[in-house]
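Survey of secondary and tertiary structure
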Amino acid sequence: PWVLHEYSLWTAMPNPKLTEKYEGKPFLLRGVPDFEKVAAETGFTEEIPRFVRNSEKLVNLLRKEGLELARKHPGVAGYNFWLITNFLATCPEGIFDEFWDEQMGLTAEEFRKCNADSVILLDDGRRRCFEQETAVTLGIDLSHFGNSEIGKPILEWDVVSNGTRISRGSARPGVIPCGFLGNLSRPVLKFPRSDVPQELEMKVRLYDGSGPGEKRE
């Protein structure tokens, strides 16, 4: 087994709005003025907020996928996550900005879904698109590095489209020991017919039915 060093080097575009926080501070902000200058020269100044917003969404998705890939790999014993804070506004790679404020719409609750003692993982065969009215088998996996076993695990899931539940299920996988990495259930889902493409969300919950404990989603 090995440990990944400085893992998760995904960067969003710099946000010029952060320059306001540097006023009166003993720091020299580099890069952002050049970014704004080039945008002005090429006629993209008005597009900067949209570029920044979209890049922040993308880096959140890449970070989540990257951390989940590390948790899925049987040879990875851990990782040294990069980075807790941004390295100046020119390098927004952190969970917080360089002033320790939340950024990029990433809450602590959302981050813990892919970076916690226990992380629920989806084995979708590296697919993101599925045909209507087809049956697909998806694997619900778990990476459990908590300090105790899960004695009576209860697994539940819902598939939701535009706020409407189209499928649900549950399983009782048995005792989950510390250090477990593997499959909990492989539900078969059938996607409904629709006249337009649908965005589906699979919500999965895991908790210990043997006593009070933390619920993972």
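Residues numbered from 1 in each chain as written. Predicted model: local features only at pLDDT ≥ 70, side-chain atom pairs only at ≥ 80, totals over all residues. Heavy atoms only, no water.

The subject of this paragraph is the nonpolar core. With 16 residues, the main nonpolar core has Leu142, Leu155, Trp157 and Leu206 as its most contacted residues. Elements represented by at least two residues in this core include exactly β5 (139-144), β6 (153-161) and β10 (200-208). No other element matches β6, which puts three residues into this core. In terms of nonpolar packing, the next biggest core, distinct from the first, is built from nine residues, Leu4, Ala70, Tyr79 and Phe111 among them. (Core = buried A, V, L, I, M, F, W, Y, C linked by side-chain atoms within 4.5 Å. Buried < 20%, exposed > 50% of the residue type's maximum accessible area, 1.4 Å probe, protein only. Helix = DSSP H or I, 4+ residues; strand = E, 2+ residues; numbered from the N terminus.)

Time to look at the sheet that holds strand β3 (residues 118-123). The strand order β3-β5-β8 describes an open sheet built from three strands, whose pairing is antiparallel. Every other strand in the sheet has two partners, leaving β3 and β8 (180-185) as the edge strands with one partner each. Pairs of neighbouring strands in the sheet enclose a mean axial angle of 30 degrees, with direction left out of account. By the bridge criterion, five bridges tie β5 to β8 in an arrangement that is antiparallel. Of the residues in β8, the one forming a bridge with aspartate 141 is asparagine 183. Lying on the sheet, helix α2 (residues 48-72) is in contact with β3, β5 and β8; it crosses β3 at an angle near 95 degrees. (Pairing = 2+ DSSP bridges. Axes fitted to C-alpha atoms, helices over the stretch in contact; angles between N-to-C directions. Contact = heavy atoms within 4.5 Å.)

Relative to the helices and strands, asparagine 86 is located in the loop between β2 (76-81) and α3 (108-111). A distance of 2.7 Å separates the side chain of asparagine 86 from the backbone nitrogen of glycine 94, its partner in a polar contact. Of note is the side chain of asparagine 86, whose polar atom sits 3.5 Å from the side chain of glutamate 98. Residue contacts for asparagine 86: discarding those within four places in its chain leaves Cys91, Pro92, Glu93, Gly94, Phe96, Asp97, Glu98 and Gln103. (Polar contact = N/O pair within 3.5 Å; in protein donor to acceptor, adjacent residues only side chain to side chain.)

Attention now goes to the sheet that holds β6. If you trace the three strands from one edge of the open sheet to the other, you get β7-β6-β10, paired in antiparallel fashion. Looking at the sheet topology across the chains shown, the edges are occupied by β7 (164-171) and β10. Across the sheet, the mean angle separating the axes of adjacent strands is 15 degrees when strand polarity is ignored.

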